Amino acid sequence: MPTPFRCLAAFTLCLVPAVATGQGPAVAPQVAWWPRAPLQGSLVRVVVHPFAGDSITAMQGELAGEPLHFERFADGFQALGAVPFAARDPVTARVVIERAAVGDDTVRATLPVARRRVPRERLHVAPQYAQPPESLTERIRVEQEMVQEVRQRAHETPRLWRAPFVRPSPGVVTSVFGEARVFNEVVRSRHWGVDFAARWGAPVRATSRGVVAFVADLYYSGTTVLLDHGAGLVTGYFHLSRVLVVPGDTVDAGQVIGRVGSSGRVTKAHLHWFAAYGGISVDPLDLIRPNGPARLGSASPP
């Protein structure tokens, strides 16, 4: 595994003056992040580089209201985090540093947020899918709560992935993350995922090691599989025609977990790939970008 801080100069544009409270050393560790100006609705790698001789034993933190799960790599600590799509101003990372025989310190860093520019997608669907009947309100609410519970529970699971993430489908991307969805000429939602063109029945593959946390037939996403990859990260596979796993299964990257279908609110067969860091929906393509934020332990590019 590459030494994660050998290219620390790559972070110089995003290093912040230490703002610390507590009984630790007068000079606080340096906090950096990658990418330097994350887009709305994207993953980010947070890095804390201690100074020589600092007696740090562990650290924890939060970013945009979600926990950060720091791990030690070589001579520093890294964690995966996320920036909400709705963020309009810089977001703050708060890091609590624990030291041997010394009081804890809290360090804060402000991350700039870049605007994500996305298109609008116009869809024509049956009226009951554009505006669900009132009789389905309770079903939809319960389903959303179940999915949200899975997303938050991922913070309790240790990080399960080590190797790079892989694509769930070889098809071309037909719809990107964050698109405004215009159903029957009315803007009703955004597209919280990425669509891949695929024929009905084509294999759908797990993008990394994880535990099958949820399998169900939902109103909007149809036959759905959610994988808990730990450390707050969840991926979802929607509109399936068939599921080949059950809750509790541990799957590996590239393993076939289902088949492409057209279940739920869709107009044709395709795969919708979803990703979330806790309660924050993020662009799943961040997971497969070379040296992307999820490549914990790797050096960030300049």
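What counts as what
- Residues numbered from 1 in each chain as written.
- Predicted model: local features only at pLDDT ≥ 70, side-chain atom pairs only at ≥ 80, totals over all residues.
- Heavy atoms only, no water.
- Helix = DSSP H or I, 4+ residues; strand = E, 2+ residues; numbered from the N terminus.
- Contact = heavy atoms within 4.5 Å.
- Pairing = 2+ DSSP bridges.
- Axes fitted to C-alpha atoms, helices over the stretch in contact; angles between N-to-C directions.
- Phe/Tyr/Trp six-rings, centres within 6.5 Å; stacked < 30°, edge-to-face > 60°.
- Buried < 20%, exposed > 50% of the residue type's maximum accessible area, 1.4 Å probe, protein only.
- Salt bridge = Lys/Arg side-chain N within 4 Å of Asp/Glu carboxyl O.
- Patch = residues over 30% accessible without salt bridge, like charges linked within 9 Å, V, L, I, M, F, W, Y side chains within 5 Å.
- Areas by Shrake-Rupley, 256 points an atom, 1.4 Å probe, with all protein chains shown as cover.
- Lys, Arg positive; Asp, Glu negative; His and termini not counted.
- Charge placed at Lys NZ, Arg CZ, Asp CG, Glu CD.

Visitor: Which parts of the structure should I look at to understand the environment of V95?
Guide: With respect to the element layout, V95 can be found in strand β8 (residues 91-99). Separated by 28 residues in sequence, V95 and P67 have C-alpha atoms that sit 9.9 Å apart. Apart from the residues within four sequence positions on either side, V95 is in contact with V48, M59, Q60, G61, F70, D105, T106 and V107.

Visitor: Explain the sheet that holds strand β2 (residues 30-34) to me, please; I cannot follow it from the model alone.
Guide: Through backbone hydrogen bonds, the strands of a sheet pair up, either in parallel or in antiparallel fashion. One open sheet accounts for four strands, arranged β2-β3-β7-β6; its pairing is antiparallel. For this open sheet the edge positions go to β2 and β6 (71-73), each flanked by a neighbour on one side alone. Each strand of the sheet is rotated relative to its neighbour by a mean of 35 degrees, with strand direction disregarded.

Visitor: Teacher, can you tell me more about the packing of aromatic side chains here?
Guide: Geometry of an aromatic ring pair is reported as the spacing of the ring centres plus the angle between the planes. In this structure the tally under the stated criterion is seven aromatic pairs. Consider the rings of F85 and F177, whose centres lie 6.0 Å apart with planes at 75 degrees: the pair is edge-to-face. Of this pair, F85 sits in the loop between β7 (76-83) and β8 while F177 sits in the loop between β11 (173-175) and β12 (180-183); the two residues are 92 residues apart in sequence, bridging distant segments of the chain. Here F85 matches F177 in class, with each residue buried.

Visitor: Help me out: how do you make sense of the pairing of strand β3 (residues 42-49) in this one?
Guide: Residues in a regular strand point their side chains to alternate faces of the sheet. Among the eight residues that make up β3, eight are buried, leaving the element largely enclosed by the rest of the structure. Side chains of β3 alternate between two faces, with S42, V44, V46 and V48 and L43, R45, V47 and H49 buried alike. By the bridge criterion, five bridges tie β2 to β3 in an arrangement that is antiparallel. When the bridges of β3 are listed, W34 appears paired with R45.

Visitor: Help me understand the pattern of salt bridges in this model?
Guide: Side chains that carry opposite charge are capable of pairing whenever their charged atoms lie near each other. On inspection of all chains with the given rule, the structure shows eleven salt bridges. Between D283 and R116 there is a salt bridge, and its shortest N-O distance comes to 3.4 Å. Separated by 167 residues along the polypeptide, D283 in the segment after β22 (280-282) and R116 in the loop between β9 (102-111) and β10 (120-123) bring together distant segments of the chain. With relative accessibility at 5%, the residue D283 sits in the buried group. Note on R116: relative accessible area 11%, which makes it buried. A network of salt bridges, in which partner residues are shared, links R116, D283, D286 and R289.

Visitor: Can you help me understand the pairing of β7 in this one?
Guide: For β7, the tally of buried residues reaches eight of eight residues, placing the bulk of the element in the interior. Direction of pairing for β3 relative to β7: antiparallel, over a ladder of seven bridges. Bridged to V47 within β7 is Q78. Note that β6 and β7 share three bridges and pair antiparallel. Residue pairing across strands places E71 opposite Q78, the latter belonging to β7. The loop that links β6 with its antiparallel partner β7 comprises two residues; one of these, A74, has a positive phi angle of about 50 degrees.

Visitor: Teacher, can you tell me more about unusual backbone geometry here?
Guide: Excluding glycine, most residues fall at negative phi; most peptide bonds, likewise, are trans. W34 connects to P35 through a cis peptide bond whose omega is 0 degrees. Within the secondary structure, P35 sits in the loop between β2 and β3. You will see that A231, though not glycine, has its phi angle at about 55 degrees, which is positive. Position of A231 among the secondary structure elements: in the loop between β17 (222-230) and β18 (233-243). A relative accessible area of 9% means that A231 is categorised as buried.

Visitor: What exactly am I supposed to notice about a positive patch on the surface here?
Guide: There is a patch of like positive charges on the surface, built from R88, R115, R117, R120 and R190. With respect to the helices, strands and loops of the structure, R190 is situated in strand β13 (residues 186-190).

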